[in-house]
Amino acid sequence: MAHAPDSALYTQWIELLGWLEAGAAARGLTFEKVADFPDYIYRMERPYDLPTTVMSASVGVAGQPLIVAAVSPRHVDLKGVSLRLMGGSKHWHLHAGQTGLLEGKRPFTQQRLDTLLDGALRGVA
């Protein structure tokens, strides 16, 4: 399996953030930024060259997160995206593929995220 460049991961992360925000809006849930990248916070006056400053975000109900998503900072060697179901042991590790995020070898799609969000709402993700 070919390794996608780091820039692909951060571009795909932005796409996932859009899916999370749209999924939250469609279900009447909240979408919140949790944290910025540390190197964005401490960059002083230098321009920031990643396509986003958001390192983690959550989708939740009334201020309580259901799912938290985070991407690796750029100093990490094996970068990826993690999705964690709060209050449970379920989690997903995603990596950059040539055309989008991958869950193992399977493409991680917006429909897959919708299934996870619906499951989290029902409590059976």
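(A) Representation of the pattern of salt bridges in the model. In the structure shown here, the tally under the stated rule is six salt bridges. Between Asp-114 and Arg-27 there is a salt bridge, with the nearest N and O atoms lying 3.5 Å from each other. Of the two residues, Asp-114 is situated in helix H3 (residues 110-122) and Arg-27 in helix H1 (residues 6-27); the sequence distance between them amounts to 87 residues. Judged by its relative accessible area of 23%, Asp-114 is partly exposed. Overall, the relative accessible area of 22% leaves Arg-27 in the partly exposed class. Three or more residues joined by partner-sharing salt bridges are found here, namely Arg-27, Asp-114 and Asp-118.

(B) Layout of the packing of aromatic side chains. This structure, assessed with the given rule, holds one aromatic pair. Judged by centre distance (5.9 Å) and plane angle (80°), the ring pair of Tyr-10 and Phe-37 falls under edge-to-face. Pair noted here: Tyr-10 is in helix H1 and Phe-37 is in the loop between strand E1 (30-36) and helix H2 (38-41), with a separation of 27 residues, a long-range link. Grouping residues by exposure puts Tyr-10 and Phe-37 together as buried.

What counts as what
- Residues numbered from 1 in each chain as written.
- Predicted model: local features only at pLDDT ≥ 70, side-chain atom pairs only at ≥ 80, totals over all residues.
- Heavy atoms only, no water.
- Salt bridge = Lys/Arg side-chain N within 4 Å of Asp/Glu carboxyl O.
- Helix = DSSP H or I, 4+ residues; strand = E, 2+ residues; numbered from the N terminus.
- Buried < 20%, exposed > 50% of the residue type's maximum accessible area, 1.4 Å probe, protein only.
- Phe/Tyr/Trp six-rings, centres within 6.5 Å; stacked < 30°, edge-to-face > 60°.

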